[in-house]
Amino acid sequence: MRYSTLGILISILLTTGCESVKTRTDHDPSIDFSTYHSFAWVSDDMSLSVQHDISPLTGERIRKSVAATLTGKGFAFTEDRTAADFLVGFTVGSRDRVRVDANAYPVGFAGPYRWGRTYYQDIDVRNYTEGRLAIDVFDVRLKRPVWHGFATKSLSVRDREDPEGLIGRAVTGILADFPPVSAP
């Protein structure tokens, strides 16, 4: 019994440690994103909202990663918000979560004269921290949001030790399909 519990614990740790960044995006389909050529930050601190316990270094890493990804896609950065085609802002934070899984496993032999119909109940309670990064794009001319993307991930010890790697993967994943293909 001791070995199976240890095996389950190791598999849970390996599975949660390898969990990927989950991303989703949404956009206004009426916008012609092919007209966008330059961007600026939505505000001087670049963020729409940063959770109070997030390091300012994290905000700077996000800013650099977003700027590098967008310039790598051919967009030019400008300091002048009124001259830009679109504004970019981000929101970052984390929250503690609890996940409860209940599994019932059949026990093939339940005693000397009974077979089946007996189940072993296993309840797994896991506390974890979920990180979330959202990137928003606002049309300067229309003065409204036109694109939103976000990433979530259960944060591991490795993520906390190497936040730059996680931020890079999250930003790349969020902006992978930006700009969306405009409908003709």
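Being a predicted model, the structure only gives us computed values, none of them experimental.

Peer 1: Quick question: what am I supposed to make of a nonpolar patch on the surface here?
Peer 2: Where nonpolar side chains cluster on the molecular surface, the patch consists of V98, V100, I123 and V125 and spans about 380 Å² of accessible area. For the nonpolar patch, the elements supplying multiple residues, two or more each, are β5 (86-109) and β6 (115-139).

Peer 1: Got a minute to help me understand unusual backbone geometry in this structure?
Peer 2: Most of the time, phi is negative for any residue but glycine, and the peptide bond is trans. Residues F178 and P179 are joined by a peptide bond in cis, for which omega reads 0°. Inspection of the secondary structure puts P179 in the segment after α4 (163-174). We note that K143 has phi near 55°; this positive angle belongs to a residue other than glycine. Relative to the assigned elements, K143 resides in the loop between β6 and β7 (144-154). Here K143 falls in the exposed class, since its relative accessible area comes to 72%.

Peer 1: Sorry if this is basic, but what is going on with the pairing of β7 here?
Peer 2: Each regular strand shows side chains that alternate between the opposite faces of the sheet. Counting buried positions along β7 gives eight out of 11 residues, so the element sits mostly inside the fold. Alignment of strand β1 (residues 22-27) against β7, held across six bridges, turns out to be antiparallel. Note on β7: the bridge partner recorded for H27 is W147.

Peer 1: Help me understand the packing of aromatic side chains in this model?
Peer 2: Here a ring pair, both rings aromatic, is described through the centre-centre distance and the interplanar angle of the planes. Scanning all chains against the criterion turns up 10 aromatic pairs. Look at F33 and Y36: their rings are 5.4 Å apart centre to centre, the planes differ by 85°, and that puts the pair in the edge-to-face class. The residues F33 and Y36 share a single accessibility class, namely buried. Geometrically, the ring pair formed by F75 and F86 is edge-to-face, given 5.2 Å between the ring centres and 85° between the ring planes. Remark: F86 occurs in strand β5 and F75 occurs in the loop between α2 (56-72) and β4 (76-77); sequence separation between them is 11 residues. F86 carries the same exposure label as F75, and that label is buried. Through successive ring pairs, a cluster of aromatic residues spans F33, Y36, F39, W41, F75, F77, F86, W147 and F178. Above the face of the F150 ring, R132 is positioned so that its terminal group lies 3.9 Å from the ring centre.

Peer 1: I keep staring at the confidence of the model for the protein chain and nothing clicks. Help me out?
Peer 2: In low-pLDDT segments, the atomic positions of the prediction should not be examined closely. Confidence in the prediction for the protein chain averages 80 pLDDT; 73% of positions are at 70 or higher. Per-residue pLDDT, averaged within each element of the protein chain, yields its smallest value for helix α1 (residues 2-17) (40) and its largest for β4 (97). For residues 1-17, every residue scores under 50 in pLDDT, and the model assigns this stretch three contacts once sequence neighbours within four places are set aside.

Peer 1: Would you explain the pattern of salt bridges in this entry?
Peer 2: Oppositely charged side chains can pair when the atoms bearing their charge come close. Inspection of the entire model under this criterion finds three salt bridges. A salt bridge links D28 to R144; the nearest nitrogen and oxygen atoms lie 2.7 Å apart. Here D28, found in the loop between β1 and β2 (38-41), pairs with R144, found in strand β7; they are 116 residues apart in sequence, far enough to count as distant. Between E60 and R63 there is a salt bridge whose closest N-O contact spans 2.7 Å. Residue E60 and its partner R63 are located together in helix α2, separated by three residues, close to a single helical turn.

Calculation rules
- Residues numbered from 1 in each chain as written.
- Predicted model: local features only at pLDDT ≥ 70, side-chain atom pairs only at ≥ 80, totals over all residues.
- Heavy atoms only, no water.
- Patch = residues over 30% accessible without salt bridge, like charges linked within 9 Å, V, L, I, M, F, W, Y side chains within 5 Å.
- Areas by Shrake-Rupley, 256 points an atom, 1.4 Å probe, with all protein chains shown as cover.
- Salt bridge = Lys/Arg side-chain N within 4 Å of Asp/Glu carboxyl O.
- Helix = DSSP H or I, 4+ residues; strand = E, 2+ residues; numbered from the N terminus.
- Buried < 20%, exposed > 50% of the residue type's maximum accessible area, 1.4 Å probe, protein only.
- Pairing = 2+ DSSP bridges.
- Phe/Tyr/Trp six-rings, centres within 6.5 Å; stacked < 30°, edge-to-face > 60°.
- Lys NZ or Arg CZ within 6 Å of the ring centre and 35° of its normal.
- pLDDT = per-residue confidence, 0-100.
- Contact = heavy atoms within 4.5 Å.

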